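The chain contents come next:
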Amino acid sequence: MKDSHSETPVWHFRTSRQQWALWVGWLALVALFIFCWTLMTSETMWFFVLDAPAQAADLGGRMWPPRWEYLPSLWEPMWDTINIATIGTVAGVLMAIPVAFLAARNTTPSTKILRPIALFVIVTSRSINALIWALLLVAIIGPGILAGMVAIALRSIGFVGKLLYEAIEETDPLQVEAVAATGASRAQTISYGIVPQIMPAFWGISVFRWDINIRESTILGLVGAGGIGLQLQGSLNTLAWGQVSVILLLILATVVVSESISAKMRHAVI
Amino acid sequence: MAGIDTTTYPATWRRPPQIITDRRWRIGIQLAILAYMVLAWNSVEVDWQRVVVGLERGQQFAMGFLQPDFMSRGDAIVRGIIESLTMTLTSTVVGIILSVPIGIGAARNLTPRYVYLVCRSIVAVSRSLQEIIIAIFLVAMFGFGPFAGFLTLSFATIGFLAKLLADDIEEIEPGQADAIRATGASWFQLVNYAIQPQVMPRLIGLSMYRLDINFRESAVIGIVGAGGIGATLNTAIDRYEYDSAGAILLVIIAIVMAAEYASGAIRGRLQ
């Protein structure tokens with residue numbers, strides 16, 4: 001208070017109005033949090049929550065030691081899982097390429113009709129999780145790894161399409177103009193002016209998505225879409241916790257390996 | 001460039017290979033990919049009769065999308081959405097509160113080595129486990145319902161936010177930190193005046209993005225019993241009620257689109 005009366009005005013980071021707005025904003029956030037918390041926990045059985053440490057200890061006791069003799073029967077489901085991720089990624093990327101070119105402002109043939117459709121495809125694919133896609137596809141084409149592959153592919157379109165169309169929009173227009181100035185057709189302009197510019201981004205995005213898809217394909221079996229998740233589901237249902245820990249360790253190892261492969265490949269490309 | 005003979009100058013041009021320049025390696029890798037594709041495709045077993053039956057269901061589902069039924073399972077949908085939304089907000093807030101200290105701890109330029117290693121390993125564990133797998137365990141420990149989902153999403157938020165925050169802190173402008181340090185500031189003052197203003201806009205942007213992700217995830221973890229709209233969706237599909245399933249999916253897509261638009265607008269204003 002003394003500062004405001006003194007001769008030289010003191011510098012403040014915010015005006016008092018901004019300061020008040022900030023406080024009101026924080027208060028609103030806290031109030032909203034408390035409201036949501038009470039709503040969310042209204043039906044929580046606190047007895048179970050208090051019991052959790054004992055449950056955790058019990059679970060840990062059953063999971064240790066892992067039943068290593070179960071490991072050999074996991075190689076085939078693991079192979080399926082990797083196939084789901086890889087073929088799903090390839091199919092997803094192939095479908096995402098035209099979508100990305102239709103969605104990018106500088107390559108789309110029509111900004112009024114085709115671009116909104118392409119953007120809608122991207123948003124739809126992105127907002128539905130792979131597990132939900134798998135749930136639907138298992139109902140439609142039956143359980144098995146085909147459903148998993150299609151689920152991964154449909155899920156990948158949005159991710160790859162979005163990143164790819166952003167890369168297309170960021171290309172250097174001068175190079176495109178130079179190619180167009182030679183009298184090249186539209187397809188030639190895209191092939192020689194834009195494709196070389198987005199190639200590194202394209203491979204980086206594809207490998208990144210493959211890495212994500214390996215993770216996602218490990219759990220698709222929970223809803224019947226094949227792979228190691230099927231084994232996980234079976235072991236959980238029969239309460240064979242020793243097998244569960246073997247499966248989890250295998251998944252963890254696969255994720256770590258795929259992540260390092262993807263990091264190396266992206267490093268080589270970009 | 002002198003002496004280009006126009007008669008021998010090639011009239012056609014082929015784009016040189018982009019990544020692997022060695023011809024033998026290129027062909028070898030292409031063959032290996034082909035072999036893998038054949039092997040992988042052979043492991044797919046398709047029951048075409050089942051597919052034919054399923055296509056009819058697919059048609060029903062597409063119809064369900066076009067004529068969604070919001071009413072017959074209306075109560076369950078509203079309850080699921082409320083559970084998902086409350087779970088999303090509380091877990092994001094708690095996740096941010098937990099990930100700020102862990103993120104600061106995981107920044108190499110701010111903390112001693114042992115703190116750095118502990119925090120980085122928390123981040124690594126949280127990142128390498130799928131939300132669904134964490135949810136399975138937390139449901140087994142804490143019982144069914146949104147509380148287990150809340151814990152799952154909070155834990156997953158740590159891996160995402162703390163990692164990006166730590167990477168961001170490691171890339172700050174060191175000059176500003178040096179300037180504050182030169183005034184004799186303590187460690188807390190250093191974090192508050194040199195680090196926090198530099199990373200705050202990005203932290204808020206990432207938090208908005210995580211809110212968006214947490215909602216999407218909350219729509220899934222219900223499948224293993226951790227509350228939210230996923231449980232409702234699972235039930236609807238199990239009972240072949242495709243019109244209700246279509247309605248639920250439309251609601252999820254609408255909320256995700258709204259969240260994406262809102263977070264984009266807020267992030268745009270911050271930068």
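Keep in mind that this is a model prediction, so the values were computed, not measured.

Of the volumes computed, that of the largest pocket is approximately 1800 Å³. Taken together, 45 residues make up the lining of the largest pocket; nearest its centre are Trp 26 and Leu 29 of chain A together with Met 200, Ile 204 and Ser 207 of chain B. Elements with a minimum of two residues in the lining of the largest pocket: helix H2 (16-41) of chain A together with helix H3 (74-105), helix H6 (146-170), helix H8 (187-218) and helix H10 (242-270) of chain B. For the lining of the largest pocket, the element with the highest residue contribution is H8 of chain B, accounting for 15 residues. Residues of the lining of the largest pocket, tallied by class, amount to 35 nonpolar, seven polar and three charged.

So, about the domain arrangement of chain A. Looking at chain A, the domain boundaries give domain 1 (1-42) and domain 2 (70-269). Each of domain 1 of chain A and domain 2 of chain A has a C-alpha centre, and the two are 43 Å apart.

On to the interface of chain B and chain A, then. Where interface size is quoted, it is often the accessible area lost as the parts come together. Chain B puts 57 residues into the contact, and the matching count from chain A is 64 residues. Of the roughly 5300 Å² buried between chain B and chain A, counting both surfaces, carbon and sulfur atoms make up 77%. Counting the surface chain B buries against chain A, the share from its top three residues, Tyr 36, Met 141 and Phe 147 of chain B, is 11%. Viewed at the interface, chain A and chain B are joined by zero salt bridges.

Enumeration over the complete set of coordinates arrives at 11 aromatic pairs over all chains. Relative to Trp 37 of chain A, the ring of Phe 33 of chain A lies with its centre 6.2 Å away and its plane at 25°, an arrangement referred to as stacked. On the criterion of helical spacing, the pair formed by Phe 33 of chain A and Trp 37 of chain A is a turn pair, its members being four residues apart in helix H2. Looking at Trp 37 of chain A, the relative accessible area reads 26%, which means it is partly exposed. With a centroid separation of 5.8 Å and 90° between ring planes, the pair formed by Trp 79 of chain A and Tyr 36 of chain B is classed as edge-to-face.

In the numbering used here, UniProt assigns the feature "transmembrane region" (unreviewed entry) to residues 20-40, 82-104, 130-154 and 239-257 of chain A. Between the C-alpha atoms that bound residues 20-40 of chain A there is a distance of 30 Å. The span itself is 100% helix and 0% strand.

Residues and elements named next belong to chain A. Of note, Ser 217 is situated in helix H9 (residues 186-217). On the accessibility criterion, Ser 217 (0% relative accessible area) is buried. Not counting residues up to four positions away in its chain, the partners in contact with Ser 217 are Thr 81, Ile 84, Ala 85 and Ile 152.

Moving on, we get to the packing of helix H4 (residues 113-128) of chain B against H6 of chain B. Residue and element names in this part refer to chain B. Contact pair H4 / H6: the axes reach a minimum separation of 8 Å and the direction vectors enclose 135°. Accordingly, the angle class assigned to the pair H4 and H6 is oblique. Relative to H6, H4 is oriented so that their crossing is left-handed. Mapping the contact onto sequence places Tyr 116, Arg 120, Ile 122, Val 123, Val 125, Ser 126 and Arg 127 in H4 and Phe 155, Ala 156, Ile 158, Gly 159, Ala 162, Lys 163, Ala 166, Asp 167 and Glu 170 in H6.

Residues and elements named next belong to chain B. Under the UniProt annotation, "transmembrane region" (unreviewed entry) lies at residues 93-111, 132-161 and 244-262. Helix makes up 68% of residues 93-111 and strand 0%, whereas the separation of the span's terminal C-alpha atoms amounts to 24 Å. Strand forms 0% of residues 244-262 and helix 100%; the C-alpha atoms that close the span are 27 Å apart.

For the rest of this paragraph, the subject is the packing of H3 of chain B against H8 of chain B. Residue and element names in this part refer to chain B. Axis separation between H3 and H8 bottoms out at 9 Å; the angle between their running directions is 150°. Classified by the interaxial angle, the pair formed by H3 and H8 is roughly antiparallel. You can see that H3 and H8 cross each other, and the crossing is right-handed. Listed contacts from H8 to Ser 84, Leu 85, Met 87, Thr 88, Leu 89, Ser 91, Thr 92, Ile 96, Val 100 and Ile 104 of H3 are Trp 187, Val 191, Leu 203, Ser 207, Leu 211, Asn 214, Phe 215 and Ser 218. Classifying every residue of the contact of H3 with H8 gives 11 nonpolar, seven polar and no charged.

How each quantity is defined
Residues numbered from 1 in each chain as written. Chains lettered and ligands numbered in written order. Predicted model: local features only at pLDDT ≥ 70, side-chain atom pairs only at ≥ 80, totals over all residues. Heavy atoms only, no water. 1 Å grid on protein atoms, 1.4 Å probe; cavity = no way out; pocket = protein on both sides within 12 Å on 5 of 7 lines; lining within 4 Å. Points joined across faces, edges and corners; volume = space filled by probe spheres on them. Helix = DSSP H or I, 4+ residues; strand = E, 2+ residues; numbered from the N terminus. Nonpolar A, V, L, I, M, F, W, Y, C, P; charged D, E, K, R; others polar. Domains from an automatic or database assignment. Contact = heavy atoms within 4.5 Å. Buried area = accessible area lost by both parts, 1.4 Å probe. Salt bridge = Lys/Arg side-chain N within 4 Å of Asp/Glu carboxyl O. Phe/Tyr/Trp six-rings, centres within 6.5 Å; stacked < 30°, edge-to-face > 60°. Buried < 20%, exposed > 50% of the residue type's maximum accessible area, 1.4 Å probe, protein only. UniProt positions renumbered as here; feature names shortened; annotations may be inferred. Axes fitted to C-alpha atoms, helices over the stretch in contact; angles between N-to-C directions. Parallel < 35°, antiparallel > 145°, perpendicular 65-115°, else oblique. Left-handed = near helix turned anticlockwise from the far one by under 90°.

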